[in-house]
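As a plain string of letters, each chain reads:
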Amino acid sequence: MEKNAADLGKGGSVMTWKLTESKEWEILEKKFSWVDDMQYVPQDPLHHAEGNVAVHTQMVIDSLLKNADFQYLNEQQKEVLWTSALMHDIEKRSTTLIDAAGRVSSPSHARKGAQTTRKILFRDVDTPFNIREKIVSLVRYHGLPLWLMDKPDPMKSALEASLQLDLSHLKILAKADAKGRICQDMDALMYALEMFELYTKEIGCWQSAPSFKTPNARFTYFNALDSYVDYVPFDRFKSEVILLSGLPGMGKDYYISKLDKDLPVISLDDIRRKYRIDPTDKKRNGWVVQEAKEMAKKYLRAGQGFIWNATNITALMRKQLIDLFVDYQAYVKLFYIEKPYHIWRMQNKNRAYPLPDMVLDKMLHNLEVPQLTEAHEVHYEVY
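To keep things clear, this report deals only with the structure shown in the data block. (Residues numbered from 1 in each chain as written. Predicted model: local features only at pLDDT ≥ 70, side-chain atom pairs only at ≥ 80, totals over all residues. Heavy atoms only, no water.)

Looking at the overall build of the protein chain
What the protein chain contains, in helices and strands, is 19 helices and eight strands. Here the C-alpha radius of gyration of the protein chain, 22 Å, is about what a compact globule of 383 residues would show, namely 21 Å. The principal-axis extent of the C-alpha atoms belonging to the protein chain is close to 60 × 50 × 50 Å. Taking all 383 residues of the protein chain together, the buried fraction comes to 51%. When the accessible surface of the protein chain is summed, it comes to about 19,000 Å², and 52% of that surface belongs to carbon and sulfur atoms. The protein chain carries 52 positive and 52 negative side-chain charges, and their two centres are separated by 5 Å. (Helix = DSSP H or I, 4+ residues; strand = E, 2+ residues; numbered from the N terminus. Rg over C-alpha atoms; globule rule 2.2 N^0.38 Å. Buried < 20%, exposed > 50% of the residue type's maximum accessible area, 1.4 Å probe, protein only. Areas by Shrake-Rupley, 256 points an atom, 1.4 Å probe, with all protein chains shown as cover. Lys, Arg positive; Asp, Glu negative; His and termini not counted. Charge placed at Lys NZ, Arg CZ, Asp CG, Glu CD.)

Here you go:
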């Protein structure tokens, strides 16, 4: 079943998805180890005088449930926000630092928390793709409304987030996060939230994603230096490249076999097998990637389209390739392939060259699902 990136998070099941039926804190601690971990994670008394992450998270959820805007949401939206509130600080446990002066900080906890949230909702809880990715985005951006104007490019940061979620929902979560604490700068936090709403309404992304005139206009805005939102570049594409993304064993080879396209395929797995290189050999795998890039350059110079078949599970991996393709004036279509967790693990075991479970677990933890900002087109083949 194909899902276009523009529709990510807008669909929904007939039945309301829930992380768990019971929302009693004591039961959550017993059911989820990551909830139990929260009581052992300290916070800085200056910004969180209420205490540890467990205390804060309970206060956030209480504030969320009392929020008037939250009450107007449908049941599925409420479940998504409740789950996001529960998980928003999930990786303070792995990122919290205490300096010599006793100050506590948790750098990158939102980014790492998003990765952990995705893993849990894919592996441990049967969660529809669109709902899972909305929760992941809410965890990833939960601090954005409070700190948007401190970003190097506030407009671009806001527009990027709006392509992934409803910013009015993000503000509800951020307000609960702010009110679910004891601090001396509450007035400043509330002011920042109101400025977030006013600013995102002004630039046209408050409750809907921005509309770009062409796919290339959107791609250029998010990927070129000194770009501006209304610029429409002239399309001078010489070829079309299909870039696949997905964990090993998800069925990328099968997907290619079903494509009605007579295109050459650059497969990193095929190169490894040809030269008998182990997939876990990091040193020789660098050579494999370079060999594949040289093949790609030959096609790109000739204006020949092709399919790049590899895992490409992180945004950085994909960006390095897409930058190369775009330098040769290629139009890039990015396809993300995903099957349910149990099917994925079964398919890996049935492969001619299965990977160890330990390798798959590490790759799942590092997975970053492609976003619409990354290529000219982004499609989700999720089954």
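That was the structure; now back to the text.
As for the packing of helix α5 (residues 75–87) against helix α8 (residues 129–140)
Look at α5 against α8: their axes get within 9 Å of each other, and the N-to-C directions meet at 45 degrees. Comparing their axes, α8 and α5 come out oblique. In terms of crossing hand, the pair formed by α5 and α8 is right-handed. Each of Gln76, Val80, Leu81, Thr83, Ser84 and Met87 in α5 lies in contact with α8, whose residues at this interface are Ile131, Lys134, Ile135, Leu138 and Val139. Per-class residue counts for the contact of α5 with α8 are seven nonpolar, three polar and one charged. (Axes fitted to C-alpha atoms, helices over the stretch in contact; angles between N-to-C directions. Parallel < 35°, antiparallel > 145°, perpendicular 65-115°, else oblique. Left-handed = near helix turned anticlockwise from the far one by under 90°. Contact = heavy atoms within 4.5 Å. Nonpolar A, V, L, I, M, F, W, Y, C, P; charged D, E, K, R; others polar.)

A look at the pairing of strand β6 (residues 306–309)
Neither face of β6 is open: one carries Phe306 and Trp308, the other Ile307 and Asn309, and all of them are buried. With three bridges joining them, strand β4 (residues 239–245) and β6 adopt parallel strand pairing. When the bridges of β6 are listed, Ile242 appears paired with Ile307. Looking at chain direction, strand β5 (residues 265–267) and β6 are connected through three bridges and run parallel. When the bridges of β6 are listed, Ser267 appears paired with Asn309. (Pairing = 2+ DSSP bridges.)

Re the nonpolar core
Membership of the largest hydrophobic core comes to 99 residues, with the highest contact counts inside it found for Leu19, Trp34, Leu86, Trp308 and Phe325. Once you skip the residues sitting within four places of it in the chain, Leu86 turns out to touch Leu19, Trp25, Leu28, Trp34, Val35, Met38, Thr57 and Ile61. Counting residues in hydrophobic clusters, the runner-up holds eight residues, among them Leu146, Ala174, Cys183 and Leu193. (Core = buried A, V, L, I, M, F, W, Y, C linked by side-chain atoms within 4.5 Å.)

Some words on helix α10 (residues 154–162)
Burial analysis of α10 places seven of its nine residues in the buried class, which makes it a mostly covered element. Within α10, the full set of buried residues consists of Pro154, Lys156, Ser157, Ala158, Leu159, Ala161 and Ser162.

Remarks on the pattern of salt bridges
Scanning the model with the defined rule gives 27 salt bridges in all. Residues Glu197 and Lys171 are paired through a salt bridge, measuring 2.6 Å at the closest nitrogen-oxygen approach. Here the residue Glu197 occupies a position in helix α12 (residues 186–202), and Lys171 occupies one in helix α11 (residues 167–179), the gap between them amounting to 26 residues. Exposure remark for Glu197: the relative accessible area of 16% places this residue in the buried category. (Salt bridge = Lys/Arg side-chain N within 4 Å of Asp/Glu carboxyl O.)

Some remarks on empty space enclosed by the protein
With the rule as written, the count across this model stands at one cavity of 30 Å³ or more. Size it by volume and the largest cavity reaches roughly 50 Å³. What lines the largest cavity is Gln77, Val80, Leu81, Lys134, Leu138, Leu165, Asp166 and His169. Those elements that place two or more of their residues in the lining of the largest cavity are α5 and α8. Here the lining of the largest cavity gets three residues from one element, more than from any other, and that element is α5. Its residues assigned to classes, the lining of the largest cavity comprises four nonpolar, two polar and two charged. (1 Å grid on protein atoms, 1.4 Å probe; cavity = no way out; pocket = protein on both sides within 12 Å on 5 of 7 lines; lining within 4 Å. Points joined across faces, edges and corners; volume = space filled by probe spheres on them.)

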